Every structure is written in C-alpha cells, then in structure tokens.
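Residue-level listing of the chains:
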Amino acid sequence: MSPSSPLSRLCLHTITTKPWSTEQCISRYAAAGVRGITFWRYNLEGRSPEVVGRQAREAGLEVVSLCRGGFFPGRTAAERQHSVDDNRRCIEQAKDLGAPLIVLVCGAVPGQSLVESRKQIADGIAAILPEAEAAGVKLGIEPLHPMYADDRSAVNTLKQANEICDALGSPASLGIAADVYHIWWDPDLESQIHRTAQAKRLFAFHLCDWKTPTTDFLNDRGLMGEGCIPISVISQWVDATGYTGMREVEIFSNRYWSMDQSEWLSCIMKSYQELYA
Ligand code: ZN
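Quantities reported herein were computed from a predicted structural model and do not represent experimental measurements.

S.K.: Quick rundown of the layout of surface pockets? Include the residues and the values.
M.R.: Empty space within the largest pocket amounts to approximately 210 Å³. Lining the largest pocket we find E62, V63, V64, P100, L101, K138, F203, A204, Y243, G245, M246 and E248. Among the elements of the structure, strand 3 (62-70) and strand 7 (202-207) are those that each provide at least two residues to the lining of the largest pocket. A total of three residues in the lining of the largest pocket trace back to one element, the largest contributor, which is strand 3. A class-by-class count of the residues in the lining of the largest pocket yields eight nonpolar, one polar and three charged.

So this is what it looks like as structure tokens:
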C-alpha cells in the first residue's frame, strides 16, 4: 500500500465491531486493509496485553491507542483515588500492549459543578502523568459533546481541553483526542483545532457521524456520510495543521452491532474511501 493511500491512515476502534472478539477484530481488520487498531480495555480481559499487541503487529496493524482511561471526578477522596489507581492500571496495560496513547473520557458527577469536576480532572491527570511519562504512554483528553456533561465528561470543548493542558504546564505527554461527533457544532472549532496542533497536542482524530434523529444518546452514532457532520471540512482543517496521524473510525451503534459484522466492515471501508477519495 502506498503511504499516500487514504487507507494507510485508516484505524478502527474495536468497539465499532463490538460483537467480534479481540482476535476476530485483528484478523478481519488486517484482511480488509485497515492499517491501525485502537483497542478498548474489554479486549484485554482474560488476555495478556503483550500477546494482544504482538498479534496485532504481526497481522500488520499499528496499535494506535487504548480506550479508555479517565473518569476522574468523584464525590469523595476515596472515589477519586480509586479512579487514579484504575488509570495507573490502564497505563500499565497500554505499555504492555505497545499502545502509545490512552484516550481519556474525563468524567463528571451529576449534581457536582462542572467547574469542580474540571478541577478534579486536572488533579487526576496530574497524579498519573509521571507514570504515563515513565511508561512512554501519552494521554489524550477527549472532549465529549455537552449532552454528556452530566455524568461522562465535564470537558466539552477543545478550548476546555486545551486549558487543562495549559494549566498543567503543557507537558509533552498530555494532549487531545478530537472526535467529530463531540465537537462538530463548536463555533470555534477551526481555530481550536489550529491551536491544539500549534501546541503539538493533537494526538488523535476520531470519525463517525451525527444522525437526525439520534434515537440513543450513546449507541446510535452514524456511519460517515449518513449524518450532518461536515466531516470533509473538519478533516481538511485537521490535515491543514500538518496532522498526518490516523483517522480513527469509532462508531457505537446498536443498529450496526446487530448486523453481520463482515458486511458492516465493508460498509465502513466504502464510506471511508468515498470520504477520502
Ligand atoms: Zn472518540
């Protein structure tokens, strides 16, 4: 495959084909011409991360990241410590897997102010950064759409994610995962993508689409092209910064998980190739 082929930048998140086992994801993605794989932590259950990482690389796949760490806020210090401990385990898993990046879904607590949650998020990241740096694993804050501000993430824009990176002294191992599903609506999107890349912290770029109507807040994401996100425009903004990393397809969908997953993978390949033709 030529390095200039769009397929050379195609990565799939294993959750996109959730019915498949870890081993099926590896073999089927490689056979389809996918270049990268982002594992979810459930893929490692009952398995050795070293072995999973080796299987992926031997199949010709680049291990792009591990999803996910985060969920730092908590009502009590004990809850927050529990989260820090879990993130430390995640760093060990990523190191063993050979994943250079952990995507952080930062968390929120219903009823707790978003300002307080963001402070706890910054504290949580600060607590685990030394281990991440020692392990050679980067951390990517993924801002989530504000519909998740109640219980999944108090970080809802690239601006807020950048502010946390700045507040922590802009360490090289801390950056941002930009997912079109979460940030497409942001009036400051182009300038914030530019700012993120200028600060050398654009670590990942995730793709899917926003369906109208969306019937499930979590598990009804669309395939690229079937929704209203201007993916080509956003993608051009990202590439214009000099970003040459993977484009990661990440689709949670009860509808698509109920399909034959080989057919579903064919739909993804077609959609991606049309998008980047
Ligand atoms: Zn994402």
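Next comes the rest of the description.
S.K.: Break down the packing of aromatic side chains for me, with residues and values.
M.R.: Geometrically, a pair of aromatic rings is defined through the distance of the ring centres and the angle of the planes. For the structure on display, the rule yields five aromatic pairs. Consider the rings of W40 and F252, whose centres lie 5.5 Å apart with planes at 90°: the pair is edge-to-face. Of this pair, W40 sits in strand 2 (residues 36-40) while F252 sits in the loop between strand 8 (247-249) and helix 9 (254-257), and the two are 212 residues apart along the sequence. Neither residue differs from the other here; W40 and F252 are each classed as buried. Following the ring pairs from residue to residue traces out a cluster consisting of Y181, W184 and W210. Between the NZ or CZ atom of K18 and the centre of the ring of W257, over which it lies, the distance is 4.3 Å.

S.K.: Before we move on, could you go through unusual backbone geometry and cite the residues and values that matter?
M.R.: With an omega of -5°, the peptide bond between C67 and R68 qualifies as cis. The residue R68 is located in strand 3 in this model. The step from T212 to P213 runs through a cis peptide bond, and the omega angle for that step is -5°. As for its placement among the helices and strands, P213 is situated in the loop between strand 7 and helix 8 (231-240). Although it is not a glycine, F71 sits at a positive phi angle of roughly 50°. Mapped onto the elements of the fold, F71 is located in the loop between strand 3 and helix 3 (77-97). Judged by relative accessible area, which is 31%, F71 ranks as partly exposed. In this structure, K200 is a non-glycine residue whose phi angle is positive, near 60°. Structurally, the position occupied by K200 is in the loop between helix 7 (189-198) and strand 7.

S.K.: Now, about the coordination of the zinc ion: what can you tell me, with residues and values included?
M.R.: Bound to the zinc ion on the protein side are E142 (OE), D179 (OD), H206 (ND1) and E250 (OE), at distances that span 2.0 to 2.2 Å. For the zinc ion, the four donor atoms in the first shell make angles of 84 to 168° at the metal, so the coordination geometry reads as irregular. Along the chain, the residues donating to the zinc ion fall in the pattern E-x36-D-x26-H-x43-E. Of the two residues, E142 sits in the loop between strand 5 (138-141) and helix 5 (158-167) while H206 sits in strand 7, which places them 64 residues apart along the sequence.

S.K.: Summarise the packing of helix 2 (residues 49-58) against helix 3; cite the residues concerned and give the values.
M.R.: Their axes nearest at 7 Å, the elements helix 2 and helix 3 cross at an angle of 40°. Comparing the axis directions of helix 2 and helix 3 gives the class oblique. Classified by chirality, the crossing of helix 3 by helix 2 is right-handed. Across from P49, E50, V52, G53 and R57 in helix 2, the residues of helix 3 making contact are Q93, D96 and L97. For the contact of helix 2 with helix 3, the residue count by class is three nonpolar, two polar and three charged.

The rules we used
- Residues numbered from 1 in each chain as written.
- Predicted model: local features only at pLDDT ≥ 70, side-chain atom pairs only at ≥ 80, totals over all residues.
- Heavy atoms only, no water.
- 1 Å grid on protein atoms, 1.4 Å probe; cavity = no way out; pocket = protein on both sides within 12 Å on 5 of 7 lines; lining within 4 Å.
- Points joined across faces, edges and corners; volume = space filled by probe spheres on them.
- Helix = DSSP H or I, 4+ residues; strand = E, 2+ residues; numbered from the N terminus.
- Nonpolar A, V, L, I, M, F, W, Y, C, P; charged D, E, K, R; others polar.
- Phe/Tyr/Trp six-rings, centres within 6.5 Å; stacked < 30°, edge-to-face > 60°.
- Buried < 20%, exposed > 50% of the residue type's maximum accessible area, 1.4 Å probe, protein only.
- Lys NZ or Arg CZ within 6 Å of the ring centre and 35° of its normal.
- Donors = N, O, S within 2.8 Å, 3.2 Å for Na, K, Ca; no water.
- Tetrahedral: all angles 85-135°; square planar, octahedral: opposite > 155°, others 65-115°.
- Axes fitted to C-alpha atoms, helices over the stretch in contact; angles between N-to-C directions.
- Parallel < 35°, antiparallel > 145°, perpendicular 65-115°, else oblique.
- Left-handed = near helix turned anticlockwise from the far one by under 90°.
- Contact = heavy atoms within 4.5 Å.

Spatial relationships are all this shows, so hold off on functional conclusions.
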